[in-house]
Amino acid sequence: MDALKILFLFLPFFGYALQADEADAFAWESESQLRWEDFRGVPPEDKTVAATTASGISYSFKTKGMPGEYTLDYEVVSYFYPEKSWYHPELSNAGVLMHEQLHFDITELYARKMRKILSERTFSGNVRGDVRQIFSKINRELKAFQDRYDLETDFSRNREAQQQWNKRIAEKLKESDL
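Residues numbered from 1 in each chain as written. Predicted model: local features only at pLDDT ≥ 70, side-chain atom pairs only at ≥ 80, totals over all residues. Heavy atoms only, no water.

1. Digging into the pattern of salt bridges
Evaluation of the coordinates by the stated rule reveals 15 salt bridges. Here Lys47 and Glu90 are joined by a salt bridge, their closest N and O atoms 2.6 Å apart. Separated by 43 residues along the polypeptide, Lys47 in the loop between strand 2 (26-27) and strand 3 (49-66) and Glu90 in the loop between strand 5 (86-87) and helix 1 (94-120) bring together distant segments of the chain. One continuous salt-bridge network, built from bridges that share partners, spans Asp24, Arg40 and Glu83. (Salt bridge = Lys/Arg side-chain N within 4 Å of Asp/Glu carboxyl O. Helix = DSSP H or I, 4+ residues; strand = E, 2+ residues; numbered from the N terminus.)

Structure, rendered in structure tokens:
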């Protein structure tokens, strides 16, 4: 398994306009864990990658208030996309699945970060543009964090680092629970 990699695929989706193959997407829930049955995409023939998690953040909002002092009614959700997520059964095990779950958990952490920013901010001018900027910044940070996670855990192969990340993300989810 040393030559295998686990690939995280981050898909930034906007709003609720899911395409037909994304209709089965589901939101992150604290009580739910990913199962291999959730990974319904077709894996490539190349078997250097064991699994891919496709997840992303979606948002929608409405403005309220007066010109120059808008607040938002918003919804920010982290989604898992089964049809874009896949695995090679012969290369995957419980450790790989846990690694993939943490990718989805990390996506939820950044959805929470976006919720916090939106809840604390008053908007004045171009609300749509300002929200897009916030979303873009969150996505850049999320991608960098996901890349760091894969690098430090060596795609789940470094078990000690994986355990540290498991603990770290569990703590962050607990302290940021909104």
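That covers the picture; the talk isn't over yet.
2. Digging into the nonpolar core
In this structure, Ile57 and Met114 are the most contacted members of the largest nonpolar core, which totals 35 residues. If you list the elements that add at least two residues to this core, you get strand 3, strand 4 (69-80), helix 1, helix 2 (127-153) and helix 3 (159-175). (Core = buried A, V, L, I, M, F, W, Y, C linked by side-chain atoms within 4.5 Å. Buried < 20%, exposed > 50% of the residue type's maximum accessible area, 1.4 Å probe, protein only.)

3. Side note on the packing of helix 1 against helix 3
Where helix 1 meets helix 3, the closest approach of the two axes is 10 Å, and the angle between their N-to-C directions is 30°. Relative to helix 3, the element helix 1 lies roughly parallel. In the packing of helix 1 onto helix 3, the handedness of the crossing is left-handed. For the pair helix 1 and helix 3, the contacting residues are Met98, His99, Leu102, Asp105, Ile106, Glu108, Leu109 and Arg112 in the first and Gln162, Gln163, Trp165, Asn166, Ile169, Lys172 and Leu173 in the second. (Axes fitted to C-alpha atoms, helices over the stretch in contact; angles between N-to-C directions. Parallel < 35°, antiparallel > 145°, perpendicular 65-115°, else oblique. Left-handed = near helix turned anticlockwise from the far one by under 90°. Contact = heavy atoms within 4.5 Å.)

4. Brief notes about the environment of Phe26
Looking at where Phe26 falls in the secondary structure, it is placed in strand 2. Residues Phe26 and Val77, 51 residues apart in the sequence, show an inter-C-alpha distance of 9.5 Å. Beyond its immediate stretch of four places on either side in the chain, Phe26 contacts Leu34, Asp38, Ser78, Tyr79, Phe80, Pro82 and Phe104.

5. Considerations on the confidence of the model for the protein
Interpreting fine coordinate detail is not advised for predicted regions of low pLDDT. Across the protein, pLDDT averages 89, with 87% of residues at or above 70. Confidence drops under a pLDDT of 50 for residues 1-8, and excluding neighbours within four residues, the segment shows 37 contacts in the predicted structure. Within the model, pLDDT remains below 50 along residues 10-21, and this stretch shows 35 contacts once partners closer than five positions in the same chain are excluded. (pLDDT = per-residue confidence, 0-100.)

6. Details of the packing of aromatic side chains
This model, assessed by the stated rule, comprises 13 aromatic pairs. Their ring planes at 35° and their centres at 5.2 Å tell us that Phe26 and Phe80 sit as a pair that is tilted. With Phe26 in strand 2 and Phe80 in strand 4, this residue pair connects regions lying 54 residues apart in the sequence. Relative to Phe61, the ring of Tyr59 has its centre 6.3 Å away and its plane inclined at 15°; by these criteria the two rings are stacked. Three or more aromatic residues link up through ring pairs in this structure, and these residues are Phe26, Trp36, Phe39, Phe80, Tyr87 and Phe104. Residue placement shows Arg168 over the ring face of Trp165; its charged tip is 4.5 Å from the ring centre. (Phe/Tyr/Trp six-rings, centres within 6.5 Å; stacked < 30°, edge-to-face > 60°. Lys NZ or Arg CZ within 6 Å of the ring centre and 35° of its normal.)

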